[in-house]
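Here is how the chains run, residue by residue.
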Amino acid sequence: MKTLASLNYGIVGLGIMGGSFAKSIRKNILNSSEATGKILVCNRSTQCLSQAVSEGIADKTFESKNVSAMLPECDVVFICLYPHATLDFLAEHKSDFKSGAIVTDISGVKGIFEKRLPEILREDVDFIIGHPMAGGEKEGYANSKAEFFLNRNYILIPQAYNKDENLTLMRDLVTAMGFSRITETTCDIHDYKIGFTSQLCHVIASALVESASDEGITAFGGGSFEDLTRIAMINAPLWTELFISNKDKLVNHIENFEKQLELFKKYIKTEDSENLIELLEDTRQKRMRMGSIRTVAKN
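Conventions and cut-offs
- Residues numbered from 1 in each chain as written.
- Predicted model: local features only at pLDDT ≥ 70, side-chain atom pairs only at ≥ 80, totals over all residues.
- Heavy atoms only, no water.
- Core = buried A, V, L, I, M, F, W, Y, C linked by side-chain atoms within 4.5 Å.
- Buried < 20%, exposed > 50% of the residue type's maximum accessible area, 1.4 Å probe, protein only.
- Helix = DSSP H or I, 4+ residues; strand = E, 2+ residues; numbered from the N terminus.
- Contact = heavy atoms within 4.5 Å.
- Pairing = 2+ DSSP bridges.
- Axes fitted to C-alpha atoms, helices over the stretch in contact; angles between N-to-C directions.
- Patch = residues over 30% accessible without salt bridge, like charges linked within 9 Å, V, L, I, M, F, W, Y side chains within 5 Å.
- Areas by Shrake-Rupley, 256 points an atom, 1.4 Å probe, with all protein chains shown as cover.
- Salt bridge = Lys/Arg side-chain N within 4 Å of Asp/Glu carboxyl O.
- Lys, Arg positive; Asp, Glu negative; His and termini not counted.
- Charge placed at Lys NZ, Arg CZ, Asp CG, Glu CD.

## Observations concerning the nonpolar core
Step number 1: Among the nonpolar cores identified, the biggest contains 40 residues, and Y9, I11, L14, F21, F78, L173 and M177 are the most heavily contacted of them.
Step number 2: Those elements giving two or more residues to this core turn out to be β1 (9-12), α1 (16-28), β2 (39-43), α2 (47-54), β4 (76-79), β7 (153-157) and α6 (164-176).
Step number 3: Among all residues touching Y9, those that are not within four sequence positions of it are L4, I25, I29, L30, K38, I39, L40, C74, V76 and L173.
Step number 4: Ranked by size, the runner-up nonpolar core spans 30 residues in total, among them L40, L71, F113 and L242.

Written out as structure tokens, the structure is:
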């Protein structure tokens, strides 16, 4: 019987997320003398590969051009690339994966996977759609941390072709890495909810920053601006791809937000304190209810 500590883990893309996966697996799973599994990583630049070896995180490293030599050794593969690059990688390296391997992604949009996966999957390779709700603002392996995953939520999207034993192994794996909640859902529900809780928030934070006519205005800040705009320090190419890939759901969320913004503007402009108080009190109660909800069951 396979154990987590006996598996070989492959990380494709050793940025902040790929590095965090490698560090978490090393710290939480392959951390004893009894562990026989290895961590294999590949990346375009070689600097982070050398760093991962010197830190004792990676056992073997591969440049991206040589990833075909890495994949046949891996029992579990985390593809930590942009969404469309992940799909292109799967198509290009379809024949390279080890038979029986579990392959997963970290992408922030899922509808495109549901559409393309059937045409590029091998029957003997189990692709489990996943999304770790964790990370940091700064990019690159140097900013990766095993601790990013502690007490965070991992979203899994089981498909009809997934083997039960592989889904169980994946749940055990992310739990061992520190995730305290696993939410299982569909691609459509994922994209709708992430469109609101993540993508819309990044749009709002970015728009708020862009709306400032005076960059020195933050000298009068008391923390609110900083709290609201932390996520505006954004990876522009990645978030552009996420926004456009989920455009229908995201635009719908933006339009609903615009309606609420117009309502606030109307009440403030007309000095309608009665309706403004009612709206703000409703907002407070709604936010408190949202904070108490922790969905752990399948949607």
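Text resumes after the structure shown.
## With respect to the sheet that holds strand β6 (residues 126-133)
Step number 1: In space, the eight strands of this open sheet follow the order β3-β2-β1-β4-β5-β6-β7-β8, with mixed pairing throughout. The sheet terminates laterally at β3 (60-63) and β8 (181-184), the two strands that pair on one side only. On average, adjacent strands in this sheet sit at an angle of 25 degrees to one another, irrespective of strand direction.
Step number 2: Pairing geometry for β6 and β7, over five bridges, is antiparallel. In the strand pairing of β7, M133 is matched with N153.
Step number 3: Contacting β1, β2, β4, β6 and β7, α1 runs over the sheet at an angle of about 160 degrees to β1.

## Comments concerning a negative patch on the surface
Step number 1: On the surface, a cluster of negative charge is contributed by E274, E278, E281 and D282.
Step number 2: With respect to the helices and strands, the residue D282 is situated in helix α11 (residues 273-292).
Step number 3: Residue D282 is classed as partly exposed on the basis of its relative accessible area, which comes to 44%.

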